Amino acid sequence: MKITTFILLCIISICNVFAQRTIKGEVLDPFENPLTDASIIIKGTQKGTTSQDGNFQLEVKKEDTLSISRLGYRTQEIVVKDFKPLQVLFEVESLDEVLVIGYSRKVKYYKTQCHTIKTSCGAQFCYSANFIKNINNAEPKLYPNPSPSGQYTIKFPKPYKTVSYNIITITGQLIQTQNVNLNSSDLTVDLSSFSAGIYLIQLEADGERLPTLRALKG
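None of these values were measured; they are calculated from a predicted model. Position labels on residues start from 1 in each chain and follow its written sequence. Residues qualify for local features only when their pLDDT is at least 70, as the model is predicted, and side-chain atom pairs are given and counted only at 80 or more; totals for whole chains, interfaces and linings, by contrast, use all residues. Where side-chain values are given, they derive from all heavy atoms of the structure, hydrogens and water being excluded.

Enquirer: Hey, could you run me through the overall build of the protein in this one?
Expert: When helices and strands are counted, the protein shows one helix and 18 strands. Counting every position in the protein, which comprises 218 residues, the buried fraction comes to 33%. Residues count as neighbours in contact if any of their non-hydrogen atoms are within 4.5 Å of one another. Within the protein, contacts between residues at least 6 apart in sequence are counted, and of these 53% link residues at least 24 apart. Carbon and sulfur atoms make up 52% of the accessible area of the protein, which totals about 13,400 Å². Runs of H or I in DSSP of at least four residues are treated as helices and runs of E of at least two as strands, each being numbered from the N terminus. Throughout this description, buried means an accessible area under 20% of the type-specific maximum (1.4 Å probe, protein chains only), exposed means over 50%, and partly exposed covers the range between. Residue burial considers only the protein chains on display, and all accessible areas are found by Shrake-Rupley using a 1.4 Å probe.

Enquirer: Can you help me understand the sheet that holds strand 4 (residues 55–60) in this one?
Expert: Backbone-to-backbone hydrogen bonds join strands into a sheet, with any given pair of strands oriented parallel or antiparallel. Strands pair, by our definition, only if DSSP identifies at least two bridges between them. Pairing in this open sheet of three strands is mixed, and the strands run 4-1-7 from one edge to the other. Two strands lie at the open edges of the sheet, namely strand 4 and strand 7 (86–89), each paired on one side alone. Adjacent strand axes in the sheet meet at a mean angle of 30° when their direction is disregarded. Pairing geometry for strand 1 (residues 21–28) and strand 4, over six bridges, is antiparallel. Counted as the bridge partner of Glu 26 is Asn 55 from strand 4. Here, axes are lines fitted to C-alpha atoms. For helices the fit covers the stretch in contact, and angles between N-to-C directions go from 0 to 180 degrees.

Enquirer: Please clarify how the sheet that holds strand 2 (residues 39–42) should be interpreted in this entry.
Expert: Ordered in space as 3-2-5-6, the four strands form an open sheet in which the pairing is antiparallel. Strand pairing shows two members of the sheet lacking a second neighbour, strand 3 (48–50) and strand 6 (76–79), which therefore form its edges. Averaged over all pairs of adjacent strands, the angle between strand axes in this sheet comes to 20°, irrespective of strand direction. As paired elements, strand 2 and strand 5 (residues 65–69) share four bridges and run antiparallel to each other. By the bridge assignment for strand 5, Ser 39 is matched with Ser 69.

Enquirer: Even after reading the chapter, I still don't get the pattern of salt bridges, so can you show me in this structure?
Expert: Where charged atoms from two side chains of opposite charge come close, those side chains can pair. By definition, a salt bridge exists where a carboxyl oxygen of Asp or Glu is found within 4 Å of a side-chain nitrogen of Lys or Arg. Counted under the stated rule, the structure contains six salt bridges. The partner of Glu 63 in a salt bridge is Lys 81, and the shortest N-O contact between them spans 3.4 Å. Here Lys 81 lies in the loop between strand 6 and strand 7 and Glu 63 lies in the loop between strand 4 and strand 5, a separation of 18 residues in the sequence. Judged by relative accessible area, which is 48%, Glu 63 ranks as partly exposed. Its relative accessible area of 55% is what places Lys 81 among the exposed residues.

Enquirer: Any chance you could explain the layout of surface pockets here in plain terms?
Expert: If a probe as big as a water molecule is rolled over the atoms, it shows which places are left empty. Here a cavity denotes a set of grid points, spaced 1 Å apart and computed over the protein atoms alone, in which a 1.4 Å probe fits but from which it cannot get out, and a pocket denotes an open set meeting protein on both sides within 12 Å along at least five of seven lines; residues with an atom within 4 Å of a point are reported as lining. Grid points are joined across faces, edges and corners, and a volume is the space filled by probe spheres set on the points. There is about 170 Å³ of room inside the second largest pocket. Each residue gets one label: Ala, Val, Leu, Ile, Met, Phe, Trp, Tyr, Cys and Pro are nonpolar, Asp, Glu, Lys and Arg are charged, and the others, such as Gly, are polar. For the lining of the second largest pocket, a count of residues per class yields five nonpolar, four polar and three charged.

Below, the structure is given as structure tokens:
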């Protein structure tokens, strides 16, 4: 009886170690503002997600390592010890200048004053930042997303004559580029030959740079 109980406890312990659960988190900039489009990847896999208004959730198991990154900030790595909500506070990658750009047909330019940042070791730095703020909500949409097949349709807010796009992996590798003569407000993108994961679609239409889209396959 004792041996049976011991074996049962071992099996339960092993199942708990390998069981997947949803972990939630929040990604913030150095001023504790929510960050959109931060990449959260389980290290050693292509499984991941991106933050929306600073928030994310992902299926993980204990001892998974989360690699959390965003352009302009230092990559963070967190080992999952439990399934409590995470809060990730980014530090800037370069202290010379930070440039944040949002592309649209109508933008507003402004410049901030010098900001002081405290690093994890207690040192303080000052840097200035130029910002371009998107104030036009008309932007292309991607359907369906995620897509199990890897087939997507991009719906544009207005008709364009020519559209070019680049497909980039979450690690920054360019895997596809196309120039298309468009006769409607829709464009088909085919990622069926690529493995499951997160891909970035950089768009330019009639010489106009459009917001980058995130495509989730699988």
